[in-house]
Protein chains: 2
Amino acid sequence: MFISKKVTEHTRNTSQVEIVSYLSNLKKRSGEELIDLSIGNPDLPPCDEALEILRESISIKGIHGYGNLEGLPELKHQISEYYRTRYHVDIRPDEIVIVRGIRTMIFSLTSLFTGPGDIVLIPNVAYPSYFLATEFSGASQYLVPMNEDQGFIPDLDLVPEEILAQAKMLFLNYPNNPTGAVIKKAQLEKIVKIAKQYSILIVYDNAYNEIVFDDETPLSFMEIEGAKDVGIELFSLSKLTSLAGWRISFCTAGKEIISTIYEYLSLTETAPFNGFQFAAAKAIEMVSKHNLGHTIAMRYKDRYDSLSKVLEKIGLSYYPSKGSFYVWIRSPKGTGRDFADFLVEEAKLLVVPGEYYGPGGLEYVRISLTMPDNLFDVFLKRLESMQFSWDQAQITENH
Amino acid sequence: MFISKKVTEHTRNTSQVEIVSYLSNLKKRSGEELIDLSIGNPDLPPCDEALEILRESISIKGIHGYGNLEGLPELKHQISEYYRTRYHVDIRPDEIVIVRGIRTMIFSLTSLFTGPGDIVLIPNVAYPSYFLATEFSGASQYLVPMNEDQGFIPDLDLVPEEILAQAKMLFLNYPNNPTGAVIKKAQLEKIVKIAKQYSILIVYDNAYNEIVFDDETPLSFMEIEGAKDVGIELFSLSKLTSLAGWRISFCTAGKEIISTIYEYLSLTETAPFNGFQFAAAKAIEMVSKHNLGHTIAMRYKDRYDSLSKVLEKIGLSYYPSKGSFYVWIRSPKGTGRDFADFLVEEAKLLVVPGEYYGPGGLEYVRISLTMPDNLFDVFLKRLESMQFSWDQAQITENH
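What you see is a predicted model; the values in this text were computed from it and never measured. (Residues numbered from 1 in each chain as written. Chains lettered and ligands numbered in written order. Predicted model: local features only at pLDDT ≥ 70, side-chain atom pairs only at ≥ 80, totals over all residues.)

Between the first and last C-alpha of helix α11 (residues 255-268) of chain A there are 20 Å, a value that for 14 residues agrees with the 20 Å anticipated at 1.5 Å per step. Those residues of α11 of chain A that sit buried are I257, I258, T260, I261, Y262, Y264, L265, L267 and T268 of chain A. (Helix = DSSP H or I, 4+ residues; strand = E, 2+ residues; numbered from the N terminus. Expected span 1.5 Å × (residues − 1). Buried ≥ 20, exposed ≤ 12 C-beta atoms within 10 Å, placed from the backbone.)

To continue, consider the sheet that holds strand β8 (residues 249-252) of chain A. Residue and element names in this part refer to chain A. In space, the 7 strands of this open sheet follow the order β2-β8-β7-β6-β5-β3-β4, with mixed pairing throughout. With partners counted over all chains shown, the strands left at the sheet margins are β2 (96-99) and β4 (140-144), one partner each. The mean inter-strand angle of the sheet, taken between neighbouring strand axes irrespective of direction, is 20 degrees. Note that strand β5 (residues 167-173) and strand β6 (residues 201-205) share 5 bridges and pair parallel. (Pairing = 2+ DSSP bridges. Axes fitted to C-alpha atoms, helices over the stretch in contact; angles between N-to-C directions.)

Residue and element names in this part refer to chain A. Here helix α13 (residues 292-314) crosses helix α15 (residues 373-384) at 10 degrees, and the two axes come no closer than 9 Å. The angle between α13 and α15 falls in the class roughly parallel. Here R303, S306, L307, V310, K313 and I314 of α13 lie close against α15, whose contacting residues are F376, L380, L383 and E384. Taken together, the residues of the contact of α13 with α15 break down into 6 nonpolar, 1 polar and 3 charged. (Parallel < 35°, antiparallel > 145°, perpendicular 65-115°, else oblique. Contact = placed C-beta atoms within 7 Å. Nonpolar A, V, L, I, M, F, W, Y, C, P; charged D, E, K, R; others polar.)

Our focus in this paragraph is the interface of chain B and chain A. Often, the extent of an interface is quoted as the loss of accessible area upon association of its parts. Across the contact, 47 residues belong to chain B and 47 residues belong to chain A. Going through the elements one at a time, α3 (48-57), α5 (102-113) and α11 (255-268) of chain B are the ones with two or more residues in the side of chain B that touches chain A. Residue classes in the side of chain B that touches chain A are distributed as 22 nonpolar, 17 polar and 8 charged.

Averaged over all residues, the pLDDT of chain A equals 92, while 96% of them reach at least 70. For this predicted complex, the interface confidence comes out at an ipTM of 0.90, alongside a pTM of 0.92. (pLDDT = per-residue confidence, 0-100.)

Take unusual backbone geometry next. Residue and element names in this part refer to chain A. A cis amide bond links Y174 with the next residue in sequence, P175, at an omega value of -10 degrees. Inspection of the secondary structure assignment puts P175 in the loop between β5 and α8 (185-197). Omega for the peptide link from N177 to P178 comes to 15 degrees, which places this bond in the cis form. Tracing the backbone through its elements, the reader meets P178 in the loop between β5 and α8.

It takes a turn of 180 degrees to lay chain B on chain A, together with a shift of 0.0 Å along the axis; the resulting RMSD is 0.0 Å. Within this description, the copies of the chain are treated as partners about a two-fold rotation axis. Within chain B, the C-alpha atom positioned nearest to the axis of rotation is that of R55 of chain B, 3.0 Å from it. (Least-squares fit on C-alpha atoms with pLDDT ≥ 70 in both.)

Sheet strands pair by backbone hydrogen bonding; their relative direction is either parallel or antiparallel. All names here are of chain A. Ordered by their spatial adjacency, 4 strands build an open sheet running β9-β10-β13-β12, and the pairing between neighbours is antiparallel. A strand with exactly one partner marks an edge of an open sheet, and here the two such strands are β9 (318-319) and β12 (352-353). As judged from the 5 bridges shared by strand β10 (residues 326-330) and strand β13 (residues 364-368), these two strands associate in the antiparallel manner. Counterpart to Y326 in the pairing with β13 is S368.

We now examine the environment of N147 of chain B. All names here are of chain B. Relative to the helices and strands, N147 is located in the loop between β4 (140-144) and α7 (161-166). Residue class for N147 comes out partly exposed when judged on the 13 C-beta atoms lying within 10 Å of it. Here the alpha-carbon distance between N147 and G361, two residues 214 residues apart in the chain, equals 9.9 Å.

With that out of the way, let us pick up the packing of helix α5 (residues 102-113) of chain A against helix α6 (residues 128-137) of chain A. All names here are of chain A. One can describe the packing of α5 onto α6 by two numbers: an axis separation of 9 Å at closest approach and a directional angle of 35 degrees. Crossing geometry of α5 relative to α6 is assigned as right-handed. Taking contact as the criterion, the partners of R103, I106, F107, T110 and S111 in α5 are, on α6, S129, Y130, A133, T134, F136 and S137. Looking at the contact of α5 with α6, its residues break down into 5 nonpolar, 5 polar and 1 charged. (Left-handed = near helix turned anticlockwise from the far one by under 90°.)

Next comes the structure, spelled out in structure tokens:
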């Protein structure tokens, strides 16, 4: 009787929606022995100091009323401090807005700054919400070429002039989901220059910020000359502090952009719980003080190392992750979805077919490194033992 | 450099946005002695039992990860129980979706079910977000006539046939913000019948549900025959349990409508914190068990009685509130905004000009009854002492 204008047959058939049902069906079909490598829910415990602040906050008079949408000064102060100590960048309180999670913000920003007739530039493999937010805003998407050889950095030189002229927004995300790629400062500087030239707003999704491996250095978009004028950095506590459920994230940008975002949010949104804001201030303080980002990065690096050894051993081709907690593996035969089907059938391992992240991911699958230690070991053993059945695998080309 | 597609000059000039800046400017201009009667933030303390559950939840392993978007079974169970004990209505878990606050849902639902070419029916005075959500979705608004004599119930008989045929959604809200009106079951039945005839989705905003005075009985939209097929009830914990900051609300509707809403939210939203969901289950249980809604209603009724005595004494004309925590007062001279200006200047009392709620409110102001007890007494004294200056008031007609 009531037809949704958004959740239509069309939306349901986009890869970003279709694969969600695909995964959910696989989960339902499989028994308890299934190991779910499809989600990126951090499994490390959050820091006690932040939880203590949260616990104390519960008794504060009035704390359970509406939250502070402008952001508690203490939280903004700690965000400034974090930027200062970690990236040597000066971010003032009026260059910060506290938001309820990066995903919701992707939809809000796309709807706020783009609409029918506009083009949104999305890297050829990217976090699925960029595609869907563009769909919902009414703008058109243009896939920016990127490939494994060039370390999964979108190449704006390959985008036609007339597309750049019509483009209103570009999504970037490093450390990257799903590829595990990172971006170098010089590469980012080049993109910022082009964006400035064509007045393209960069939405820089820094959800996995400090989770970088080896000799990589965590990079903030705000370190780039002129970044504040041309883009927005999205930052989340979910990955860095394992507080995903609190939905405390923040945007940083130049004062003018932040003030437009704040104006929109003040009309449509409500603020995160003040107790979370107090505790998040402490969590960020601890991240800055004890370099917790590095500790977490090392943890995922260890897991990545163990996994890559097994991948080498069984002869699977993969992109060497430089950060985030994902590994991007090429299907040995057929599409990524064929391979995902095979892994569920043969080893009860659930991974995400790469097409979920755009057409460039058709031949890949993504594996997430976030899971309890004991399960991770079982996963590695199961994967390793597949070597034989592997060679015999009957993966059809067009499953 | 970056032009928002939503926060435009046009949006800024709608009453719903313009008055927000007006109030904010008045607040900035006024000193500490200002009493703010413009906001409806419940000032009663939340129940200890719920806070205790929240406190305990902080130590649960994994609780700080992503929340459960489907809604914790315990919470859905308590919502069912609440409907059963309070309204004698059977609501199953698949007829409930847990959401992050009513306001956000107003925007989501309007965007989900309406778009350019559609008409949204909005009562002539109504909660401002209905207007803005319609604006943002691209649909057109049609103001349904309602007036004080008929108890502020929108009269669909006065809406032309061709408008009804094009209408996709109708907003209703009782107990009403800003008028304090309530709706009778028979009146609602009549509206449901018409909505069904024309396939108009009713969004029934029940934010103030149990806050009704005298011999009024709390009413759920779901009590109406056929309601599940034609509408959505929005319910919030903010007012009933004074837990506004948690952003725990819920929608109830028929299974098919709920499943469409859930599908959309699963693409765009993230779930409320699981600790809040556990604690909210307890809060709702306490509301059901101890009839807390009635206790809260009596508290605001007392305040309303005190205020109405003063209003009678100083000779101000007002609509006798039947529920919610607002009083809708007619400006004695000039527009509601003239009167609001006067109250700030002369008595440092901040009220909302009625045009914020639509053109039907032009000659009114809204006063909120939510404030600490000591402030409420000061407010009453200040208002009462205005009687003299009142007669001399120089309120210009076209301020």
